[in-house]
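# Structure assessment
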Amino acid sequence: MFGRTHILIGVAGWVVAAETLGQPLSVESLAAAALGSLLPDIDHPRAMLGRRLPGVSHIIRAVAGHRGFTHSAFAVVLLVLGLNALSPANWHLALVLGMASHLMADMLTPGGIPLLWPVKMRIRSPLVFRSGGVVEYSLNFAVLGGLVWFFR
């Protein structure tokens, strides 16, 4: 999926979660959800985040490949543990939710993800679609419409 799709899904997921959990929507938490939604693709030098951190991106890709460790539940757990070492903040949950939304979205693509890394088995949804096609654009339109409706 494209970065903009991941951002839309991550931010929309945070908006729904914040409303459900009674958490305040802040600029920081929305930015954290967007950042978290891009974080797994730090392993790809041409991805939105990878282009901004090319050195980091190339190292991670050389060590783990694309859609390896960073696309796993293990990476999410490490993020949670790292954030727990800091003092609690509203944006921590948004960052984790954004990252988790990326993994769920990539499970909708034919390649799936190694959710149980280091086990090499890839997990994907029975209903899949290719990145950049009409389904992804329709998904963007639907999610954006849902956000507009929510904030009306």
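Let us look at the structure shown here. (Residues numbered from 1 in each chain as written. Predicted model: local features only at pLDDT ≥ 70, side-chain atom pairs only at ≥ 80, totals over all residues. Heavy atoms only, no water.)

### Here's the deal with the packing of helix α5 (residues 73-84) against helix α6 (residues 90-106)
Note the following rule: Inter-axis angles, ranging from 0 to 180 degrees, are taken between N-to-C directions of lines fitted to C-alpha atoms, where helices are fitted over the stretch in contact. Here a strand is any run of E in DSSP of at least two residues, a helix any run of H or I of at least four, and the numbering for each starts at the N terminus. The cut-offs work like this: below 35 degrees is roughly parallel, past 145 is roughly antiparallel, 65 to 115 is roughly perpendicular, and the gaps in between are oblique. Contacts were defined at the residue level, with two residues in contact if any of their heavy atoms lie within 4.5 Å. Residues are grouped as follows: Ala, Val, Leu, Ile, Met, Phe, Trp, Tyr, Cys and Pro are nonpolar; Asp, Glu, Lys and Arg are charged; every other residue, Gly included, is polar.
Axis separation between α5 and α6 bottoms out at 10 Å; the angle between their running directions is 175 degrees. Taken together, the axes of α5 and α6 lie roughly antiparallel to each other. Listed contacts from α6 to A73, A75, V76, L79, V80 and L83 of α5 are W91, H92, L95, V96, M99 and L103. Looking at the contact of α5 with α6 residue by residue, the classes come out as 11 nonpolar, 1 polar and no charged.

### Focus: the environment of G50
Assignment of secondary structure puts G50 in helix α3 (residues 48-52). Once the C-alpha coordinates of G50 and P40 are considered, the two residues, 10 residues apart in sequence, prove to be 9.7 Å apart. Discounting residues that sit within four places of it in the chain, G50 has contacts with D41, H44, P45 and S57.

### Remarks on the nonpolar core
One recurring pattern in soluble globular proteins is that nonpolar side chains are buried together. This is how the line gets drawn: Nonpolar cores are built from buried Ala, Val, Leu, Ile, Met, Phe, Trp, Tyr and Cys residues. Side-chain atoms within 4.5 Å join them into one set. Summary of the burial criterion: residues with accessible area below 20% of their type's maximum are buried, those above 50% are exposed, and those between are partly exposed, where the area comes from a 1.4 Å probe applied to protein chains only.
Membership of the largest hydrophobic core comes to 16 residues, with the highest contact counts inside it found for W14 and L79. Only α1 (3-21), α2 (27-38), α5 and α6 provide two or more residues apiece to this core. If sequence neighbours within four positions are ignored, W14 has contacts with Q23, P24, L25, S29, L30, A33, N90, L93, A94 and L97. One finds I9, V15, A34 and L147 within the second-largest nonpolar core, a separate group that totals 11 residues.

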